[in-house]
Amino acid sequence: MQKGGRKPTAFELVTDIDFDVGKKLEQLNRYKREYDDTRVIIPEEYKEDYEQLFSINDITVHAWKGTRRWKCKKCENVTEVKESSMKPNRCSSKSCTNTDLYFIGLKDVQFK
């Protein structure tokens with residue numbers, strides 16, 4: 001722990017598909033009260049849109065890219081979407097036409 005009880009660095013990793021940038025900024029500003037350095041890691045496709053907003057609030061922005069994995073609620077097939085936050089329209093299995101998928105995680109993530 002640093003002088004005065006402050007900690008050196010706080011990281012916030014954003015994996016949400018459609019995150020609320022206003023709420024995220026509020027949360028990061030709360031971190032700034034306790035940490036000397038506050039950083040956010042957002043999906044690469046959002047960096048151009050939000051980097052300036054975070055930066056003017058003294059929050060360092062990093063990006064990540066990777067493959068999002070979605071599971072079909074009907075056949076349990078896993079559909080992978082590379083480098084995009086978009087939810088697939090339907091299951092990728094040729095024998096299934098279900099459109100009800102849920103997010104199960106990430107794969108092959110790279111931080112920049």
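Residues numbered from 1 in each chain as written. Predicted model: local features only at pLDDT ≥ 70, side-chain atom pairs only at ≥ 80, totals over all residues. Heavy atoms only, no water.

### Points about empty space enclosed by the protein
Rolled over the atoms, a probe as big as a water molecule pinpoints where empty space is left. Note the cut-off: Here a cavity denotes a set of grid points, spaced 1 Å apart and computed over the protein atoms alone, in which a 1.4 Å probe fits but from which it cannot get out, and a pocket denotes an open set meeting protein on both sides within 12 Å along at least five of seven lines; residues with an atom within 4 Å of a point are reported as lining. Grid points are joined across faces, edges and corners, and a volume is the space filled by probe spheres set on the points. Numbering of helices and strands runs from the N terminus; a helix is a DSSP stretch of H or I covering at least four residues, while a strand is a stretch of E covering at least two. Only Asp, Glu, Lys and Arg are considered charged in this grouping, and only Ala, Val, Leu, Ile, Met, Phe, Trp, Tyr, Cys and Pro are considered nonpolar; every other residue, Gly among them, is considered polar.
Evaluation of the coordinates by the stated rule reveals 1 cavity of 30 Å³ or more. In this model, the largest cavity occupies a volume close to 30 Å³. Lining the largest cavity are Pro43, Glu44, Glu45, Trp64, Lys65, Gly66, Arg68, Glu83 and Ser84. Every element with two or more residues in the lining of the largest cavity is listed here: α2 (44-55) and β3 (60-72). Of all the elements, β3 adds the most residues to the lining of the largest cavity, at 4 residues. Residue classes in the lining of the largest cavity are distributed as 2 nonpolar, 2 polar and 5 charged.

### Focus on the packing of helix α1 (residues 21-34) against α2
In helix packing, the relevant descriptors are the interaxial angle and the interaxial distance, both defined with respect to the helix axes. Which entries qualify depends on this criterion: The axes used here are C-alpha line fits, helices contributing only the stretch in contact, and every angle between their N-to-C directions lies in the interval 0 to 180 degrees. Here a crossing is called left-handed whenever its near helix is offset anticlockwise from the far helix by less than a right angle, and right-handed whenever the offset is clockwise. A contact between two residues is defined here by any heavy atoms of the two lying within 4.5 Å.
Contact geometry for α1 and α2: axes closest at 11 Å, N-to-C directions at 35°. The element α1 and its partner α2 pack so that their crossing is right-handed. In this structure, α1 uses Val21, Lys24, Leu25 and Leu28 to contact α2, whose residues at the interface are Tyr50, Leu53 and Phe54. Taken together, the residues that form the contact of α1 with α2 break down as 6 nonpolar, no polar and 1 charged.

### Quick notes on the packing of aromatic side chains
Where we set the bar: In summary, the pairing rule links any two rings of Phe, Tyr or Trp, Trp by its six-membered ring, whose centres are within 6.5 Å, and it sorts them by plane angle into stacked for under 30 degrees, edge-to-face for over 60 and tilted for everything else. Remark: exposure states derive from per-residue accessible area (1.4 Å probe, protein chains only) relative to the maximum for the residue type, with buried under 20%, exposed over 50%, and partly exposed in between.
Taken as a whole, this structure holds 5 aromatic pairs when the rule is applied. Measuring from centroid to centroid gives 6.1 Å for Tyr46 and Tyr50, while their planes differ by 50°, and the two rings are tilted. Of this pair, Tyr46 and Tyr50 both sit in helix α2, 4 residues apart, roughly one helical turn. For Tyr50, a relative accessible area of 22% corresponds to the partly exposed category. What links up through ring pairs into an aromatic cluster is the set Phe19, Tyr46 and Tyr50.

### Points about the pattern of salt bridges
Selection criterion: Take a side-chain nitrogen of Lys or Arg and a carboxyl oxygen of Asp or Glu: if they are within 4 Å of each other, that pair is a salt bridge.
The final tally for this structure, using the stated rule, is 8 salt bridges. In this structure, Glu45 and Arg68 form a salt bridge, with 3.7 Å as the shortest nitrogen-oxygen distance. In this pair, Glu45 is assigned in helix α2 and Arg68 in strand β3, connecting sequence segments 23 residues apart. When its relative accessible area of 1% is taken as the criterion, Arg68 is described as buried. Lys107 is the partner of Glu80 in a salt bridge, and the nearest nitrogen-oxygen pair spans 2.9 Å. Of this pair, Glu80 sits in strand β4 (residues 78-82) while Lys107 sits in strand β5 (residues 101-111), placing them 27 residues apart in sequence.

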